[in-house]
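# Summary of the model geometry
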Amino acid sequence: MVLRHPPIRIYAVVIISVVLLIYLHSKFAPAKVKHRSLFDDISNSTLGFQEILVVGLPSRTDRRDGMLLQAALSDMRISFVDGVYGKDIPDSAIPTTSEHERMNDASLGSWRAHMNAIQEVVRRNLTTALILEDDTDWDIRLKHQLKEFSLSAQALTQPLLGSSELYVDPTYPKPSADSPKVVPDLSFAQLPSTELPKISPYGDSWDLLWIGHCGMHFPFEDNPVIPKGRVIHQDDVSVAQKQYLWTLNIPFTLKEKYPEHTRAVHHVQEGVCSLGYAISQRGAQKLLHEIGLKDLTDGFDILLRFFCEGAKGRKRHECLTVQPALFHHHRAAGPLSAASDIGYHGPGFRDRSSTDMVRWSVRLNADTLLEGGSEIVDQYPDA
């Protein structure tokens, strides 16, 4: 029997068919594979930022243990930046361009610790970073909360779909002389379609996202430089009832004028406490210039306020915030004297751990999460 080879033209047809299939697959592959949304990055171990940095004194091993546990239980990856003692900072290293007394050592140490974290972002050329203090806690639903925050941030700062210069907020990016002093609230349930961000899931134009604090105002009507837009998210079940909410900023407009379980996203005005904030690379460089090298007259959180609002010889920068905040103080049981390395909290004793305004606290539900349980403790159940 004679074996015959297939005609050469058959080989040619097969080869051409395979090449054509490969080409068509690459050209018309599903968009979700070719252009994965930045929005999905919020679910990763750094919450859509390049790194998460935690600031604190190396001697507070108790706090590092707590933060590492909380991060592990939240599928988050964190790195520590060593804090410093203010007494170890020489006068020559403190920016001073006007005559005033040296700040207290606790405030100096806090300032330098945060500047070291910001310096790290610039040195490593990180695109973005989230910076947390080492006594913070958050909700088990943090990633979901951040996804909703990102949608609100995009609505406020990204151009409307199909445009490069039009925004839903008529006072953004900067109010003009004829801009309205009050703009209608944007409902989270009906956000406008905007251009998708290309750099960060939280938008492309921000310098700082102040998402952990002890108080924040809505932009004042008479402030000529801060945009007035705000996104209002009603029926947010992760927000505690009003009776559990508090602030260092009075009046507490969110609590006084909006319904129960409301969260708001807006531009920064008079923030207090630097529990958690994210910075872009551009923002980090500006912070080094505006806070690291200019006159050191106030605590770090007040300097952040000046940075965002353009006060005390500093330019205004793009800063967004959220009320209630997403990161809050965790107050561990034990001596009150151990509650802070900045201020003295007295000689008393705290019998029970708590976290301010966080309903499903990661720290306080650690036992359940470690055992794989489902009975989550709500610190602030509805009455």
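Structure's up top.
One numbering rule holds for all chains: residues counted from 1, following each sequence as written. Only residues with pLDDT of 70 or above have their local features reported here, since the model is predicted, and side-chain atom pairs are shown and tallied only from 80 upward, although totals for entire chains, interfaces and linings are computed over all residues. With hydrogens and water stripped out, all remaining heavy atoms of the structure feed into the side-chain values.

### Side note on the overall build of the protein
Helix and strand assignments come from DSSP, with helices taken as H or I runs of at least 4 residues and strands as E runs of at least 2, each series counted from the N terminus. Each helix and strand in the protein was counted, giving 9 helices and 14 strands. Within the span of the protein, comprising 383 residues, buried residues form 51% of the whole. It only takes one pair of heavy atoms within 4.5 Å for two residues to be counted as in contact. Once local pairs closer than 6 in sequence are excluded, the contacts in the protein between residues at least 24 apart make up 77%. Using the Shrake-Rupley algorithm and a 1.4 Å probe, accessible areas are obtained, with residue cover drawn only from the displayed protein chains. Per element, the accessible surface of the protein, about 19300 Å² overall, is 56% carbon and sulfur. To sort residues, take the accessible area from a 1.4 Å probe on protein chains only and compare it with the maximum for the residue type: under 20% means buried, over 50% means exposed, and anything in between is partly exposed.

### Topic: the sheet that holds strand β11 (residues 328–331)
The criterion for strand pairing is that DSSP finds at least two bridges linking the strands in question. Strand order in this open sheet of 3 strands is β4-β11-β14, and the pairing throughout is antiparallel. Lying at the two open borders of the sheet, with one neighbouring strand each, are β4 (136–137) and β14 (354–355). By the bridge criterion, 2 bridges tie β4 to β11 in an arrangement that is antiparallel. Each residue of the ladder has a partner; that of T136, found in β11, is H329.

### Here's the deal with helix α3 (residues 61–73)
What a helix is expected to span follows from its residue count: subtract one and scale by 1.5 Å. Under the 1.5 Å per step criterion, the end-to-end length of α3 is 18 Å for 13 residues, consistent within 8% with the ideal 18 Å. When we look at burial in α3, the residues that qualify are R63, R64, G66, M67, Q70 and A71. Seen from one end, α3 has its buried residues packed into an arc of 160°, which puts them on one side. For α3, exposure combined with an orientation more than 90 degrees from the buried face picks out D65 and A72. Buried residues along α3 sit against β1 (51–56), β2 (79–82), β3 (128–133) and β4. Phi for D75, located one or two positions after α3, is positive at around 55°. In this description, one arc is meant: the one made by directions from the helix axis to the C-beta atoms.

### Some details on empty space enclosed by the protein
A 1.4 Å probe that fits but cannot get out identifies a cavity on a 1 Å grid over protein atoms alone, an open set with protein on both sides within 12 Å along at least five of seven lines counts as a pocket, and a residue lines either if it has an atom within 4 Å of a point. Grid points are joined across faces, edges and corners, and a volume is the space filled by probe spheres set on the points. For the coordinates displayed, the defined rule picks out 5 cavities of 30 Å³ or more. Forming the walls of the largest cavity are 13 residues, and the residues nearest its centre are E148, F149, H233, R263 and V265. Elements with a minimum of two residues in the lining of the largest cavity: α5 (142–157), β7 (230–233) and β8 (263–267). The greatest single-element share of the lining of the largest cavity, amounting to 4 residues, is contributed by α5. Here the residues of the lining of the largest cavity sort into 7 nonpolar, 3 polar and 3 charged. By the convention adopted, Pro, Cys, Tyr, Trp, Phe, Met, Ile, Leu, Val and Ala count as nonpolar, Lys, Arg, Asp and Glu as charged, and the other residues, Gly among them, as polar.

### What about the layout of surface pockets?
Looking at the second largest pocket, its volume works out to about 340 Å³. Grouping the amino acids of the lining of the second largest pocket by side-chain chemistry returns 7 nonpolar, 2 polar and 6 charged.

### Considering the side chain of D169
Within the fold, D169 resides in the loop between α5 and β5 (186–187). Just so you know, the count uses Lys and Arg for positive and Asp and Glu for negative, and it drops His and the chain ends. Just to be clear on terms, a salt bridge is a Lys or Arg side-chain nitrogen sitting within 4 Å of an Asp or Glu carboxyl oxygen. Of the buried charged residues, D169 lacks a salt bridge, with K228 as the closest side chain of opposite charge at 8.2 Å. Think of a polar contact as two N or O atoms within 3.5 Å of one another; within protein, one of them needs to be a possible hydrogen donor and the other a possible acceptor, and neighboring residues in sequence only count if both atoms come from side chains. Of note is the side chain of D169, whose polar atom sits 2.7 Å from the side chain of T171. Other than its neighbours up to four places away in sequence, D169 contacts V183, P227, K228 and G229.

### Here we look at the sheet that holds β3
The strand order across the open sheet formed by 9 strands is β2-β1-β3-β9-β6-β10-β8-β7-β5, and the pairing between neighbours is mixed. Edge positions in the sheet fall to β2 and β5, since each has one partner strand and no second. In this sheet, strand β9 (residues 276–280) lies alongside β3 in antiparallel orientation, the contact comprising 5 bridges. Opposite T128, over in β9, you have S280 as the bridge partner.

### Remarks on the pairing of β11
Where β11 lies against β14, 2 bridges are found, and the strand directions are antiparallel. In the strand pairing of β14, R331 is matched with S354.

### A word on α5
Between its terminal C-alpha atoms α5 stretches 22 Å, which fits the 22 Å expected from 16 residues at 1.5 Å a residue. By the criterion of burial, α5 is predominantly enclosed, with 13 of the 16 residues buried.

### A word on the state of the cysteines
By disulfide we mean two sulfur atoms from cysteines, separated by a distance within 2.5 Å. With the rule as written, the count across this model stands at 2 disulfides. Residue C214 pairs covalently with C273 via a disulfide, S to S 2.0 Å. What sets the handedness of the C214 and C273 disulfide is the S-S torsion sign, and at about -100° it is left-handed. Linking C214 in the loop between β6 (208–212) and β7 with C273 in the loop between β8 and β9, this pair joins segments that are 59 residues apart in sequence. A sulfur-sulfur distance of 2.3 Å marks the disulfide that ties C308 to C319.

### Details of the nonpolar core
Ranked by size, the top nonpolar core spans 34 residues in total, and within it I118, L208, I279 and I291 carry the most contacts. Elements with a minimum of two residues in this core: β1, α4 (105–123), β3, β6, β9, α7 (281–292) and α8 (300–309). Buried residues of nine kinds, namely Ala, Val, Leu, Ile, Met, Phe, Trp, Tyr and Cys, make up a nonpolar core once their side-chain atoms join them within 4.5 Å. Counting residues in hydrophobic clusters, the runner-up holds 32 residues, among them V54, A71, L132 and V231.

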